[in-house]
Amino acid sequence: MTPELIAEKLQARFGDKILEFAKDAINPVAKVAPDAVHDVCKFLKDDAELYFDMCHNLSGYDLGAGKNLAVIYHLFSFKHQHWFAIKAEVPREGGHLPTVALLWRTAEWHEREVFDLYGIRFDGNPDLRRILCPDDWEGWPLRKDYVVQEYYHGIRVPYKEDWNNFDTLAANPERGHFVFQFEKRLPVVNGNGKAAEKSNQ
Amino acid sequence: MSTFGALGNIFKKQRYYFEGEGEMVVDLDPSAALDQRRDELIKARQSGNFPGDDMIVNMGPQHPSTHGVLRLELVLDGEIVKKVTPHIGYLHRNFEKHAENLGWNEIIPYTDRLDYLAAMNMNHGYCLAVEKLLGIKELPKKVEYIRVICAEFMRISSHLMAVGTFGLDVGAITPFLWAFRDRERILDLFEWISGARLLYNYIWIGGLSRDMPSGWIKQATEFLDELERNMKEFNRLLSGNQIFIKRAAEVGVLPPEVAINCGATGPVLRGSGIKWDCRKDEPYSIYPQFEFEIPVGEGRYGPMGSAFDRYWVRIREIEEAIKILRQALPQCPEQGDVKEAIPRRMKTAAGAECYVRSEAPRGEIGFYVRSNGSDIPDRVRCRSSCFVHVSLLDEISRGCMVADMILNIGSIDIVLGEVDR
């Protein structure tokens, strides 16, 4: 089935729970109301014509500081060999989605990863713990407004003096390129040793 | 379900242990098994202790056969593994956060470090995703050929590592040394073409970092002749060895439905008898031009989807990769500029996104890329096959012996650089 037909089918079944459908995107994606994610996924998985038996990717992304967070599901059907993607947006604080880990077991760990890096809770996930970061890590690293914690078990996490004096350090290439900045981009040094133009992020 | 081949009585061989119920055979309906597993998980976590003589033993992170820094928390009833809880993240460096601070092309060296045993395929997968996002459709023929040649050599090298260490896990040391001997030759070829032995940064968006040196194809072809002879030797030594077969053919059984539901890809999926390969069924690059087969697990010596089947799929894939290389090497164009299609400015509309998967040796690597309109990405997400395969370790290991855990880890062939990213 083409993505348009799948989207029509979803709209017929769920009505205004399907908020919009981007059919011109490279991977057509339907935006779903957050509370309907589980029902939509269950329908996509169980319906004989759709039969999405594999959740190929489950990933979060941040729409920018102060804006919403989003989760995108890329689904694939081995039987019919078609793709579909749905996404849902949740608020930055206290955002939560129903789990799909009981439909596709892949999702269990992927949801843990999204929880770990974005702080989105998945209601009903059997084992929602941090997965990549340590259990006692503070903050949600992949958010755009993430600030590294000061100390972790007595170990200093940010290089503060480097952090504040980035421009002087960048002028001193001996130390400058050992500093990794989350906020500012490192100057790209081309073959001549001259700094290329800085990006206007 | 007929496309998945004969299912047979796969579950008969699979022993599941649940608390208080002893041995039981799980229903063929995966969702029922999933509910059971969930209840059991919640129960175990809430109670915090396991009854009777159960023991919790940590395997790793320094254990040599965990192929990296992986810690498995095993719940043991004597020698029997009742539950496996993998703990990952020891190698976590948040590649995705780094990627949000770099230009599209500056990310490529970081993708090398995902699966460092198959760096070419990581480069290739990432570049395919960004090229699709930027709308680069036509690449010079020479670029496509060299990409496929490198990807297939990398696949051979990675699989040699996998089958060699798998032999080592069951106690066979010689095959490991033989596999490494051949792998070294491939690394030599890569060193010649890209300047590096392990982390290449060779495949760039829209092109390659440098041209193929003259005489490379001749050397590569000569090596293929040698490799074919060596693989025959290798099979005589290990693949046909009755001790090895009996050791590996009954452990780590992964039924096909569970494989799909768990998201297994690559040799793990094909080992369970599902004939699916991205290069054939959803082709990218110039793979449709080549004739090759998709090897699947046959269950010849035991239940289908066993550790031996996954091993055997890898051995067969080496042969298929040789077949592709035999076609690609003579066809590779001599003339052409490998940098002509590299875009000057890598910008696209804000909010544009795409998800592209490609077939790496360990499974399908997927890159979800999203642009914010500037020349650095808004989001780069790497869907790692090894990450998924670690999560199904619990599934294939319940009811096995502790010694079989080593085989199970070896047979899914994980690289922790890709798991932890």
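Here, every reference points to the structure presented above.
What you are looking at is a predicted structure, and each value in this text was computed from that prediction instead of being measured.

**Q** Could you give an account of the overall build of chain B, naming the residues involved and the relevant values?
**A** Along the backbone of chain B there are 17 helices and ten strands. Across chain B, contacts joining residues at least 24 apart in sequence account for 70% of those joining residues at least 6 apart.

**Q** Give me the lowdown on the overall build of chain A, citing residues and values where you can.
**A** Counting its regular elements, chain A contains six helices and nine strands. For chain A, the residues scored as buried account for 50% of the 201 residues in total. At a minimum sequence separation of 6, the contacts of chain A that also span at least 24 residues come to 47%. When the accessible surface of chain A is split by element, carbon and sulfur atoms take 52% of a total near 9,600 Å².

**Q** Break down the nonpolar core for me, with residues and values.
**A** Membership of the largest hydrophobic core comes to 92 residues, with the highest contact counts inside it found for Tyr126, Phe153, Phe190, Ile205 and Trp216 of chain B. Considering every element that reaches this core, the biggest residue donor is helix H6 (residues 141–170) of chain B, with 13 residues. Those residues in contact with Phe190 of chain B that lie beyond four places of it in its chain are Met120, Cys150, Phe153, Met154, Gly195, Ala196 and Tyr200 of chain B. With 86 residues, the next largest nonpolar core counts Phe43, Val100 and Leu132 of chain A together with Val258 of chain B among its residues.

**Q** So, the packing of aromatic side chains: which residues are in play, and what are the values?
**A** For the coordinates displayed, the defined rule picks out 27 aromatic pairs over all chains. Relative to Tyr152 of chain A, the ring of Trp137 of chain A lies with its centre 5.1 Å away and its plane at 55 degrees, an arrangement referred to as tilted. Of this pair, Trp137 of chain A sits in the loop between strand S7 (121–123) and strand S8 (151–152) while Tyr152 of chain A is found in strand S8, placing the two residues 15 residues apart along the sequence. As far as burial versus exposure is concerned, Trp137 of chain A and Tyr152 of chain A are alike and both buried. With a centroid separation of 5.9 Å and an interplanar angle of 90 degrees, the aromatic rings of Phe153 of chain B and Trp216 of chain B are classed as edge-to-face.

**Q** Which residues make up unusual backbone geometry, and what values go with them?
**A** Residue and element names in this part refer to chain B. Of note in the backbone geometry, Asn94 takes a positive phi value of approximately 50 degrees without being a glycine. Within the element layout of this structure, Asn94 appears in the loop between strand S5 (80–87) and helix H3 (95–99). Residue classification places Asn94 among the buried positions, given a relative accessible area of 9%. Even without glycine at this site, Asn201 takes up a positive phi of about 50 degrees. The class for Asn201 is partly exposed, based on a relative accessible area of 24%.

**Q** Describe the packing of H6 of chain B against helix H13 (residues 307–331) of chain B, naming the residues involved and giving the relevant values.
**A** All names here are of chain B. Contact pair H6 / H13: the axes reach a minimum separation of 9 Å and the direction vectors enclose 155 degrees. Judged by the inter-axis angle, H6 sits roughly antiparallel to H13. Crossing handedness for the pair H6 and H13: left-handed. Residues that form the contact of H6 with H13 fall into these classes: 19 nonpolar, two polar and four charged.

**Q** Explain H6 of chain B to me, and be specific about the residues and the numbers.
**A** Residues and elements named next belong to chain B. For H6, with 30 residues, the first-to-last C-alpha span of 44 Å sits near the 44 Å given by 1.5 Å per residue. Counting buried residues along H6, 27 of its 30 residues qualify, which places the element largely inside the surrounding structure. In the stretch just after H6, Gly171 is the one whose phi turns positive, near 105 degrees.

**Q** I'd love a proper account of helix H8 (residues 216–239) of chain B, names of residues and values included.
**A** Of the residues making up H8 of chain B, those classed as buried are Trp216, Ile217, Ala220, Phe223, Leu224, Leu227, Asn230, Met231, Phe234, Asn235, Leu238 and Ser239 of chain B. Here the buried face of H8 of chain B lies against H6, helix H7 (174–194), helix H9 (242–248) and H13 of chain B.

Rules of the game
Residues numbered from 1 in each chain as written. Chains lettered and ligands numbered in written order. Predicted model: local features only at pLDDT ≥ 70, side-chain atom pairs only at ≥ 80, totals over all residues. Heavy atoms only, no water. Helix = DSSP H or I, 4+ residues; strand = E, 2+ residues; numbered from the N terminus. Contact = heavy atoms within 4.5 Å. Buried < 20%, exposed > 50% of the residue type's maximum accessible area, 1.4 Å probe, protein only. Areas by Shrake-Rupley, 256 points an atom, 1.4 Å probe, with all protein chains shown as cover. Core = buried A, V, L, I, M, F, W, Y, C linked by side-chain atoms within 4.5 Å. Phe/Tyr/Trp six-rings, centres within 6.5 Å; stacked < 30°, edge-to-face > 60°. Axes fitted to C-alpha atoms, helices over the stretch in contact; angles between N-to-C directions. Parallel < 35°, antiparallel > 145°, perpendicular 65-115°, else oblique. Left-handed = near helix turned anticlockwise from the far one by under 90°. Nonpolar A, V, L, I, M, F, W, Y, C, P; charged D, E, K, R; others polar. Expected span 1.5 Å × (residues − 1).

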